[in-house]
Amino acid sequence: MDISVIVPLFNEAESLPELAEWIQRVMKNNNFSYEIIFINDGSTDNSWDVIEALSSKDSNIHGIKFRRNYGKSPALYCGFERAKGDVVITMDADLQDSPDEIPTLYRMVTEEGYDLVSGYKKKRYDPLSKTIPTKLFNATARKVSGIKNLHDFNCGLKAYRNEVVKDIEVYGDMHRYIPYLAKNAGYTKIGEHVVQHQARKYGKSKFGISRFFHGYLDLMSLWFLSKFSRRPMHIFGLWGSMMFFIGFIAAIIVGANKLIAMANGMPYRLVTDSPYFYIALAMMIIGTQLFLTGFLAELVSRSSQDRNRYNISKEF
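In short, a report on the structure. All figures in this text were calculated on a predicted structure; none of them were measured in a lab. (Residues numbered from 1 in each chain as written. Predicted model: local features only at pLDDT ≥ 70, side-chain atom pairs only at ≥ 80, totals over all residues. Heavy atoms only, no water.)

1. Observations regarding the overall build of the protein
Thinking step 1. A tally of regular secondary structure across the protein gives 10 helices and 7 strands.
Thinking step 2. When the 316 residues of the protein are sorted by exposure, 44% land in the buried category.
Thinking step 3. Within the protein, residue pairs in contact and separated by at least 24 positions form 80% of the contacts whose partners lie at least 6 positions apart.
Thinking step 4. Total accessible area on the protein stands at roughly 17,400 Å², and carbon and sulfur atoms take up 58% of it. (Helix = DSSP H or I, 4+ residues; strand = E, 2+ residues; numbered from the N terminus. Buried < 20%, exposed > 50% of the residue type's maximum accessible area, 1.4 Å probe, protein only. Contact = heavy atoms within 4.5 Å. Areas by Shrake-Rupley, 256 points an atom, 1.4 Å probe, with all protein chains shown as cover.)

2. As for empty space enclosed by the protein
Thinking step 1. For the structure shown, the criterion picks out 2 cavities of 30 Å³ or more.
Thinking step 2. Its volume calculated, the largest cavity comes out at about 80 Å³.
Thinking step 3. In terms of lining, the largest cavity is formed by 13 residues, of which the most central are Lys72, Leu76, Thr90, Cys155 and Gly156.
Thinking step 4. Contributions of two or more residues to the lining of the largest cavity are made by helix H3 (72-82) and strand S6 (158-161). (1 Å grid on protein atoms, 1.4 Å probe; cavity = no way out; pocket = protein on both sides within 12 Å on 5 of 7 lines; lining within 4 Å. Points joined across faces, edges and corners; volume = space filled by probe spheres on them.)

3. Here we look at the packing of aromatic side chains
Thinking step 1. Here the structure, examined in full by the defined rule, presents 6 aromatic pairs.
Thinking step 2. When the centroid spacing of 6.3 Å and the interplanar angle of 5° are considered together, the rings of Phe244 and Phe248 count as stacked. Pair noted here: Phe244 and Phe248 are both in helix H9 (residues 233-263), with a separation of 4 residues, about one helical turn.
Thinking step 3. The ring of Tyr114 is capped by Lys189, whose NZ or CZ atom sits 5.3 Å from the centre of that ring. (Phe/Tyr/Trp six-rings, centres within 6.5 Å; stacked < 30°, edge-to-face > 60°. Lys NZ or Arg CZ within 6 Å of the ring centre and 35° of its normal.)

4. Focus on the nonpolar core
Thinking step 1. Judged by nonpolar contacts, the single largest core of 36 residues is most densely connected at Val5, Phe38 and Ile89.
Thinking step 2. Sorting the residues of this core by element identifies strand S1 (3-9), helix H1 (16-29), strand S2 (34-40), helix H2 (47-57), strand S4 (87-90) and helix H4 (102-110) as the ones contributing at least two each.
Thinking step 3. Here this core takes 7 residues from H1, the largest share from any one element.
Thinking step 4. What Phe38 contacts, discounting residues up to four positions off in sequence, is Val7, Leu9, Leu16, Leu19, Ala20, Ile51, Leu54, Ile61, His62, Gly63 and Ile64.
Thinking step 5. Counting 32 residues, the second-largest nonpolar core is a separate cluster that includes Leu116, Val164, Val165 and Ile178. (Core = buried A, V, L, I, M, F, W, Y, C linked by side-chain atoms within 4.5 Å.)

5. Regarding the packing of H1 against H2
Thinking step 1. Where H1 contacts H2, the two axes come as close as 10 Å, and the packing angle between them is 30°. Here H1 and H2 pass one another in a crossing that is right-handed. Together, Leu16, Pro17 and Ala20 of H1 and Ser47, Val50, Ile51 and Leu54 of H2 make up the contact between the two elements.
Thinking step 2. Residue classes in the contact of H1 with H2 are distributed as 6 nonpolar, 1 polar and no charged. (Axes fitted to C-alpha atoms, helices over the stretch in contact; angles between N-to-C directions. Left-handed = near helix turned anticlockwise from the far one by under 90°. Nonpolar A, V, L, I, M, F, W, Y, C, P; charged D, E, K, R; others polar.)

6. Some details on H3
Since there are 3.6 residues in each turn of an α-helix, residues three or four apart along the chain are aligned in direction.
Thinking step 1. Buried within H3 we find Lys72, Ser73, Ala75, Leu76, Gly79 and Phe80. Axial view of H3: buried residues confined to an arc of 155°, hence all on one face.
Thinking step 2. Elements that come into contact with the buried residues of H3 comprise S1, S2, S4, S6, helix H6 (162-167) and helix H7 (178-184). (Arc of directions from axis to C-beta.)

7. Some details on the pattern of salt bridges
Opposite charge on two side chains allows them to pair when their charged atoms are near.
Thinking step 1. With the rule as written, the count across this model stands at 4 salt bridges.
Thinking step 2. In this structure, Lys121 and Asp97 form a salt bridge, with 3.0 Å as the shortest nitrogen-oxygen distance. Of this pair, Lys121 sits in the loop between strand S5 (116-120) and helix H5 (128-145) while Asp97 sits in the loop between S4 and H4, and the two are 24 residues apart along the sequence. Judged on exposure class, the residue Lys121 and its partner Asp97 are both buried.
Thinking step 3. A cluster of three or more residues bridged by salt bridges with shared partners is formed by Asp115, Arg161 and Glu163. (Salt bridge = Lys/Arg side-chain N within 4 Å of Asp/Glu carboxyl O.)

Purely geometric numbers; function is a separate question.
Following this line, the structure appears as structure tokens:
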């Protein structure tokens with residue numbers, strides 16, 4: 001099979017018939033063998049009835065129905081598990097992503113050798129309250145991930161080699177950082193293609209401003225996991241040891257100053273009267289806690305089933 005199209009959705013019943021017809025037309029015009037997988041993420045409208053009706057007319061259309069709303073990442077994860085096409089295309093169900101981009105994305109993967117191609121909505125039909133935070137978010141993601149050539153990490157329209165979606169695990173809200181997940185899994189040929197962004201035709205956006213705050217927290221989590229998930233002692237143990245050592249030296253200096261003053265018959269004050277003593281003590285306690293955190297994290301890491309899981313590209 002050439003292409004699997006994965007479409008996660010939540011309350012998009014009005015747009016589904018038009019989207020399915022548009023994808024079918026593109027596939028037939030290009031002689032692609034294909035499947036369309038609609039993932040109904042706990043919709044409260046009649047989206048599932050529409051998917052069943054579409055599937056009864058076209059055996060290439062399949063559906064997955066969640067009992068409740070879990071989010072876009074779990075929907076993509078289930079779609080990735082089921083996808084059989086050589087190239088996997090993801091797109092949103094709100095008709096803001098154009099299926100006419102599919103042939104170009106397919107060729108970039110199959111002929112130009114990209115592991116992943118992300119769409120770039122250079123011209124957007126969104127309010128400033130959405131576009132400005134998006135630009136800041138993408139700038140931060142480029143800096144942290146090291147993927148300098150991507151301008152739109154969160155674009156729903158992406159193309160992958162099938163191998164890529166089988167090797168990455170999308171969870172939580174990590175769908176925003178699939179290129180980063182792919183890079184961490186060893187898939188470094190990541191490209192970008194400018195795509196057409198269309199104004200929403202039906203309904204309204206399901207995402208609020210809170211997603212930008214959550215996005216930054218997820219990015220920091222992903223950065224930390226990519227750097228230290230297999231060696232947590234390297235960060236906790238290092239900083240813990242440094243803080244304990246600095247606090248210990250500071251405590252010795254405070255005590256030494258008192259002893260020197262006593263030896264020379266100079267006025268002195270109790271060690272516990274010095275604020276530096278409590279600062280030194282706090283640093284030693286925090287340093288010890290960080291070190292023990294790293295030790296416990298190492299024990300957890302050693303029991304992880306993925307500790308010695310590595311992606312092998314070739315062997316003979």
